[in-house]
Amino acid sequence: MSDNHAVPTAGPTTEPPPGPSRRTFIAATGTATGVAALAAGKPVFGAPPEKAAAGGHESRVTLLVNGKRHSLTVDNRTSLLDLLRERLELTGSKKGCDAGACGACTVLVDGRRVTACLTLAIRLEGAEVTTIEGLADGDRLHPLQQAFIDQDAFQCGFCTPGQILSGVGCIREGHAGSPEEIREWMGGNLCRCGCYVKIVRAVAQTAKGR
Ligand code: FES
Ligand code: FES
């Protein structure tokens, strides 16, 4: 991640701006509506999917999303991002590039950050998925959501859900010990509004408060 306000070369293009206020936006992304910071480590894929009875192009997959169990028949090519947005109506995870280059779709799978646009849904049998909608505890925002507000760490907000999920993963991995480290380990999360300095501050604030 850059330490200045230079606009990165790739980013989201199609989503409309978020709600009426920053607090409302953060809260909304936590209740109603994800960058390509693929975490270092093992793949997150689960057990092989069970083929749907109807034919070879669809499979049945059961996964836990934000604590709620979902059992769905999906086209084998369906990405986790499309499953979340189109089947479960969890639109907090954003589709920026749909190619693993921007990080707007970052979610946690079994606690590890992944780019949902590059993750096949049918490989997630039994997995636990956390999206921005599942971070808050009722009306109480996740500390990193609050830190984004405190640090004024977003403008249009399109990249924000992915930044926050990636930040949560970055902190959990123990990669938030310094601004330099945060920039390094969140380097896959682009923000075309150039909020990098404040995003790093928000992650650092949260890491310090743990
Ligand atoms: Fe850009 Fe997934 S949408 S990395
Ligand atoms: Fe607008 Fe990051 S892309 S706040």
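Here the structure is a predicted model, which means the values were calculated and not measured. (Residues numbered from 1 in each chain as written. Chains lettered and ligands numbered in written order. Predicted model: local features only at pLDDT ≥ 70, side-chain atom pairs only at ≥ 80, totals over all residues. Heavy atoms only, no water.)

1. Section: the overall build of the protein
- Looking only at helices and strands, one finds six helices and six strands in the protein.
- Each helix (α) and strand (β) of the protein, taken in turn from the N terminus, gives the series α-β-β-β-α-β-β-β-α-α-α-α.
- A buried classification covers 49% of the 210 residues belonging to the protein. (Helix = DSSP H or I, 4+ residues; strand = E, 2+ residues; numbered from the N terminus. Buried < 20%, exposed > 50% of the residue type's maximum accessible area, 1.4 Å probe, protein only.)

2. What about the pairing of strand S4 (residues 106–109)?
- Burial along S4 is two-sided: the face carrying Thr106 and Leu108 and the face carrying Val107 and Val109 are both buried.
- Of the strand pairs in this sheet, S4 and strand S5 (residues 112–115) are connected by four bridges, and their pairing is antiparallel. Within the sheet, the bridge partner assigned to Leu108 lies in S5 and is Arg113.
- The turn joining S4 and S5, which pair antiparallel and follow one another in sequence, is formed by two residues; a positive phi near 50° is taken by Asp110.
- Pairing of S4 with strand S6 (residues 128–130) involves two bridges; the strand directions are antiparallel. The residue bridging Leu108 from the neighbouring strand is Thr130, located in S6. (Pairing = 2+ DSSP bridges.)

3. Some remarks on helix H3 (residues 143–150)
- Within H3 the residues assigned to the buried category are Leu144, Gln145, Ala147, Phe148 and Ile149.
- Backbone geometry just after H3 places Asp152 at a positive phi near 55°.

4. Structural notes on unusual backbone geometry
- Of note in this structure, Glu89 is not a glycine but carries a positive phi near 55°.
- Of note, the phi angle at Asp110 is positive, near 50°, even though the residue is not glycine.
- Residue position: Asp110 is located in the loop between S4 and S5.
- For Asp110, a relative accessible area of 42% puts it in the partly exposed group.

5. Here we look at helix H4 (residues 160–172)
- In this model, H4 (13 residues) spans 18 Å end to end at C-alpha, consistent with the 18 Å of a helix rising 1.5 Å per residue.
- For H4, the tally of buried residues reaches 12 of 13 residues, placing the bulk of the element in the interior.
- By the burial criterion, the buried members of H4 are Thr160, Pro161, Gly162, Gln163, Ile164, Leu165, Ser166, Gly167, Val168, Gly169, Cys170 and Ile171.
- Looking one or two residues beyond H4, the residue adopting positive phi is Gly174, at roughly 80°. (Expected span 1.5 Å × (residues − 1).)

Geometric descriptors of this kind do not, in isolation, establish any biological role.
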